[in-house]
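Geometric and topological summary
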Amino acid sequence: MDAYDEGSGARHGPDVRHGPAAPGRPALPEERGAAPDERGAAHEERGAPAESARPVEPSGPFGAHPLGEPRTGVAALSLRYRIAVALALAVVAVGVCVHLGMTFLHVAPANTVTKAHGKAVDDWIYPEFEQNWKLFAPNPLQQNISIQVRAGIRAPDGSASTTGWYDLSAEDGRAIDKNLLPSHTQQNELRRAWDFYVATHDGENRPVGLRGSLSESYLRRIMVLRLDRDDAVRAATGGAGVIERVQVRSRTSNVPPPRWSREKVSTTPSYRELPWWKVPQDEAAGGVW
């Protein structure tokens, strides 16, 4: 029979706690009014999980590292080593932030900070982290400049001859092309040597300042070493010989504009020939002593 609640007027189903057992089914301990201990034993007999057998929820923040599971990673270290790891990460983070800030100040236009601390910025950047471009005013090269050299050679029989022009920039370009890890020498040595010479000489190839003679010696030695590497003496004389003098020239041509551009640019190359340089005897064999 359904129970009727006089206060709320609601009708409820049969009271399973005290109602009679269904026909053909043994009465439960709750229906017999059994004690709590007997009820627990009956639940265990029916296969119901006991309250003590429930899984224990992981303790600790975020439910991490339940009891009985080993710690891994940094958490497995002792407190002293965890502090050391944290300090090391903090030092690395500070170093990265300082380097990025110095690089930004180096490539940024002149401002109050660089005017006041320009020397500190340059000391940090040069020579390892030198930047040759401007962040806010990029000026890509619009010319192809190649450096060429020829040599005057003295054969063992005393005859003199002159080699053809060696395009050293083209050689470096072929060495860099499709090379995933080109050397710093192939990419920059020749170009920087020519820039050094041009910056210390006027249009008449006269040195400007005290570094003019140094740039000449530097460029000349590179030329002799490259000629020796190309075996220019053997190619010119068919045997032994010695380099007596060298001459350098640059070939400059404008990069042609794209097809959609209306800009008209001459692509005819122009040359700048330097005077012949006599090669000292200690450099003549291709070595610098």
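Above this text is the structure in question.
Okay, so let's go over this structure. Quick caveat: nothing in here was measured; it's all calculated off a predicted structure.

Calculation notes
Residue indices begin from 1 for each chain and proceed along its sequence in written order. Since the coordinates come from a predicted model, pLDDT governs what is reported: local features require at least 70, and pairs of side-chain atoms require 80 or more to be given and counted, while whole-chain, interface and lining totals use all residues. Only hydrogens and water are set aside when side-chain values are computed; all heavy atoms of the structure are taken into account. Numbering of helices and strands runs from the N terminus; a helix is a DSSP stretch of H or I covering at least four residues, while a strand is a stretch of E covering at least two. Using a 1.4 Å probe on the protein chains alone, a residue whose accessible area is under 20% of its type maximum counts as buried, one over 50% counts as exposed, and one in between counts as partly exposed. By definition in these notes, contact holds between two residues if any of their heavy atoms fall within 4.5 Å. The protein chains shown are the only cover counted for residues, whose accessible areas, like all others here, come from Shrake-Rupley with a 1.4 Å probe. For this analysis, a polar contact is any N or O atom pair within 3.5 Å, provided that within protein one partner can donate a hydrogen and the other can accept it, and provided that sequence-adjacent residues contribute only side-chain to side-chain pairs. By convention in these notes, a salt bridge is any Lys or Arg side-chain nitrogen within 4 Å of a carboxyl oxygen on Asp or Glu. In these notes, a set of buried Ala, Val, Leu, Ile, Met, Phe, Trp, Tyr and Cys residues joined through side-chain atoms within 4.5 Å is what counts as a nonpolar core. A strand pair is defined by DSSP finding two or more bridges across the two strands.

**Some remarks on the overall build of the protein chain**
A count of helices and strands for the protein chain gives nine helices and eight strands. Each of the 289 residues in the protein chain was classed as buried or not, and the buried ones make up 21%. For the protein chain, contacts bridging at least 24 residues in sequence account for 55% of all contacts bridging at least 6. Carbon together with sulfur atoms contributes 57% to the accessible area of the protein chain, which is approximately 21,100 Å² in total.

**As for helix α5 (residues 168–176)**
Between a side-chain oxygen at the N-terminus of α5 and the backbone nitrogen of S169 the separation is 3.4 Å; the capping residue is D167. Positive backbone phi, at 60°, marks K178, one or two positions downstream of α5.

**A short note on the environment of R191**
Among the secondary structure elements, R191 is positioned in helix α6 (residues 184–199). Take R191: its relative accessible area is 38%, and that puts it in the partly exposed class. Sequence separation of R191 and S146 is 45 residues, and the distance between their C-alpha atoms is 8.5 Å. Only 2.6 Å separates the side chain of R191 from the side chain of N188, close enough to count as a polar contact.

**A word on unusual backbone geometry**
Non-glycine residue K178 carries a positive phi angle of around 60°. Phi angles above zero are rare outside glycine, and D231 is one such case at about 55°. Considering the arrangement of structural elements, one finds D231 in the loop between α7 (212–229) and α8 (232–237). The class of D231 is partly exposed, set by a relative accessible area of 38%.

**What about the pattern of salt bridges?**
When their charged atoms lie close together, side chains carrying opposite charge are able to pair. Tallying each qualifying case throughout the model produces 10 salt bridges. Across the pair E283 and R220 runs a salt bridge, and its minimum N-O distance is 3.0 Å. Of this pair, E283 sits in helix α9 (residues 281–284) while R220 sits in helix α7, and the two are 63 residues apart along the sequence. According to the relative accessible area criterion, E283 is buried, its value standing at 3%. Classification of R220 as buried rests on a relative accessible area of 12%.

**Considering the nonpolar core**
Counting residues in each nonpolar core, the largest one holds 24 residues, and the members touching the most others are V149, L219, M223, L227, I243, V246 and V248. Of all the elements in the fold, those that place two or more residues in this core are β3 (143–154), α6, α7, α8 and β6 (242–254). Per-element accounting of this core gives the leading share, five residues, to α7. Beyond its immediate sequence surroundings of up to four residues, M223 is in contact with I147, V149, L168, L190 and V248.

**Side note on the pairing of β3**
The pairing of β3 with β6 spans 12 bridges and is classified as antiparallel. Paired with R154 across the two strands is V242, which belongs to β6. For β3 and strand β5 (residues 166–167), the ladder comprises two bridges, and the chain directions are antiparallel. If you follow V149 over to β5, its bridge partner there is Y166.

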